Structure formats: C-alpha cells, structure tokens
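Summary of structural features
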Amino acid sequence: MGIGKYIKEIGRGKDGARALSREQAADLLDQILDGQVTDLEIGAFCLAMRIKGETPEEMAGFLDALHARMNALPEDASQATVVIPCYNGARKLPALAPLLALLLVQQGVRVCVHGTATESGRTTSFDVFTAMGYTPLQDIHKSGAGLNLVPTEVLSPALKKLLDVRRVVNLRNPAHSLVKLMNPCKGPALILSSYTHPEYAVSMAQTFQLTQANAFLIRGTEGEPVADARRTPQMDVFHKGLTQTVQAAQAGALQSLPELPAASAQATATYIQEVLQHQREVPAPIALQVQHILQALKSL
C-alpha cells in the first residue's frame, strides 16, 4: 500500500503542507506500526511532520492507531491508574518523577510509569528506579497494584522503533508527542502529561479535548511530568476532555531554594528514599501536585 499519498500532502514544506484528517492520520500510523512501509518512507514521514508540525486532529488519529495495537496494562477493577510517561530524563535538575510516582503509591494509588531513553547523556527516571532496586516489567500480564514500571517496547515494539528514529536523524517526530498523550491502560486512567514550550500546551489541550481524555497537564521539569521542586507551575485537569485549572503558577521572585541532589541516578535515588522515609520534606510544589492528582482521581 505505502504511505506516499500522505507524504505528498504533509511534505510540501512549512507553507504548502496540508493537514491530514483524523482518519487519514490513523491509517498512516496503522501502516507504520504494522510494518507495512519502508525505512525510507518512515524517514520521510518523520522529517515532513517535523517541518509541518502536528495538528490536534492528526494527533488524535495517531492515538487511535496506537491504542488499537498497544499491549495495554490489564484493568484494575478497584481503581483508576495514574499514568506517568518518562522519556526526557534529567540534564541539570534531578529526575524526580520517581518521587511523584512513589508518593502516589504510598497513598494507595496504582501507578504505571512507562518510558525509554530517547537522548544520550541524560539520567532517566528508569535509571533512578534501577538505583532504588526496582525492576521493569517484561510481561504486561504480570502487572498489579502499586508501581508498574513498563518499558515502551513492552507496550509497543513498533512505537519504540519509531522513537529510535531520533537517534538516526537527530530530530523528534510525532512519537515523542504520542508517548505523552497515550493511555497504556485498559480501564480508567489519569494521564500525567507535560509540555516544554507554551505552544505545546495549547495543542496538547486540544488533543485531550478531541479524545475526551482524563489528564493532568503541567509545564514539565526538563520535559518530565513532575512539578518543578523550586517553583509551583500551573496545573490543569481534564475530565473527559473538559478542562479546569486547579493550581495557578507561582508568581514573583523565589525567596528560597530547596536543597536538591545532584542529577545522578544514585544521588537522586538516595534523596527520594530520604523523602519517602520522612527524613526530608517533600518539595512543596510536588506535594501540591500529589494533592491535586488525588482529588482528580475521585472523579474517575
């Protein structure tokens, strides 16, 4: 079949490219995930979308295709699952998404952390979990209550392959946005998502509205969906696509900075263990995020 007809539409350059419908986008990614296209076509798709940019309708179609093929986490009939995508890793600040995940687990919440390394030279949340002694799942059917640490390739080998195109062409592609929007669970889930630039906040919100998602959206810390330990970001909650701002961004100059560890996996792991054991205070912005997530879960 091939995806040449779609590349012709999206590959006409920044000003000449045409957006795909939701159905066309779903068909395009169907073929990619099913291995029906060549590596050359995949490269052309990634570069064309990088130049054009994705519309919310296209992202909704890509999600339709991905959700239909994903090895989803089995449903827990007793509760919704909090989904934490971890793909960016830490460069300057510690990767504290594991702290957020484990604070939620302490509250009795079922958590799915999924991810893979997408850039070299960063400390990933999975590195931190490993330093704490946690082992990622290799069989999705062995998931349970509490923490479920799931590599992307367990959910979708084809999605992992698409993410890895970045290592060849050095540019992001739609897969890097998809992983922050997708629901890898059967049954109700709250997706914790984040953006790095304000324009992504708008497009992600529109995608959540189109797909009627349950989600929690903040400006991420180095791209991870955990509140910056130094300053509280705005926090928005989506319930079946309808949005509400539950926390305003902290304004003004910071009066003090919290004591944070180095960005290495071991230093971050030690810090998180001390927080969980009440030897250190939970950073106020992260404590607020936990409270808002627990409140959002009550509606699911």
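Residues numbered from 1 in each chain as written. Predicted model: local features only at pLDDT ≥ 70, side-chain atom pairs only at ≥ 80, totals over all residues. Heavy atoms only, no water.

Let's shift gears to the side chain of Asn214. Among the structural elements, Asn214 can be located in the loop between α12 (198-211) and β5 (215-219). Only 2.8 Å separates the side chain of Asn214 from the backbone nitrogen of Lys240, close enough to count as a polar contact. Excluding residues that lie within four positions of it along the chain, Asn214 makes contacts with Ala189, Leu190, Ile191, Phe238, His239, Lys240 and Leu300. (Helix = DSSP H or I, 4+ residues; strand = E, 2+ residues; numbered from the N terminus. Polar contact = N/O pair within 3.5 Å; in protein donor to acceptor, adjacent residues only side chain to side chain. Contact = heavy atoms within 4.5 Å.)

Another point: the confidence of the model for the protein. Within the protein, residue pLDDT values average 91, and 97% of them lie at 70 or more. Highest mean pLDDT in the protein belongs to helix α6 (residues 97-106) (97); lowest belongs to helix α2 (residues 13-16) (80). (pLDDT = per-residue confidence, 0-100.)

Counting residues in hydrophobic clusters, the biggest one holds 52 residues, and the most contacted among them are Ile3, Leu29, Ile32, Phe45, Phe62, Val150 and Met182. If you look at the next biggest cluster of nonpolar residues, it comprises 41 residues, including Ala90, Leu103, Val111 and Leu192. (Core = buried A, V, L, I, M, F, W, Y, C linked by side-chain atoms within 4.5 Å. Buried < 20%, exposed > 50% of the residue type's maximum accessible area, 1.4 Å probe, protein only.)

Evaluation of the coordinates by the stated rule reveals 3 aromatic pairs. A ring pair is formed by Phe45 and Phe62, whose centres lie 6.0 Å apart and whose planes are at 90 degrees; its orientation type is edge-to-face. Of this pair, Phe45 sits in helix α4 (residues 39-52) while Phe62 sits in helix α5 (residues 56-69), placing them 17 residues apart in sequence. Consider the rings of Phe208 and Phe238, whose centres lie 5.3 Å apart with planes at 50 degrees: the pair is tilted. Note that Phe208 is positioned in helix α12 and Phe238 in strand β6 (residues 235-239), a separation of 30 residues in sequence. Each of the two residues, Phe208 as well as Phe238, counts as buried. (Phe/Tyr/Trp six-rings, centres within 6.5 Å; stacked < 30°, edge-to-face > 60°.)

The mixed open sheet is built from 7 strands, whose spatial order is β3-β2-β1-β4-β5-β6-β7. The open sheet terminates on both sides in strands that have one partner only, identified here as β3 (147-151) and β7 (242-247). Averaged over all pairs of adjacent strands, the angle between their axes in this sheet comes to 25 degrees, without regard to strand direction. Of the pairings in the sheet, the one linking strand β2 (residues 110-115) to β3 comprises 5 bridges and is parallel in character. If you follow Gly115 over to β3, its bridge partner there is Pro151. (Pairing = 2+ DSSP bridges. Axes fitted to C-alpha atoms, helices over the stretch in contact; angles between N-to-C directions.)

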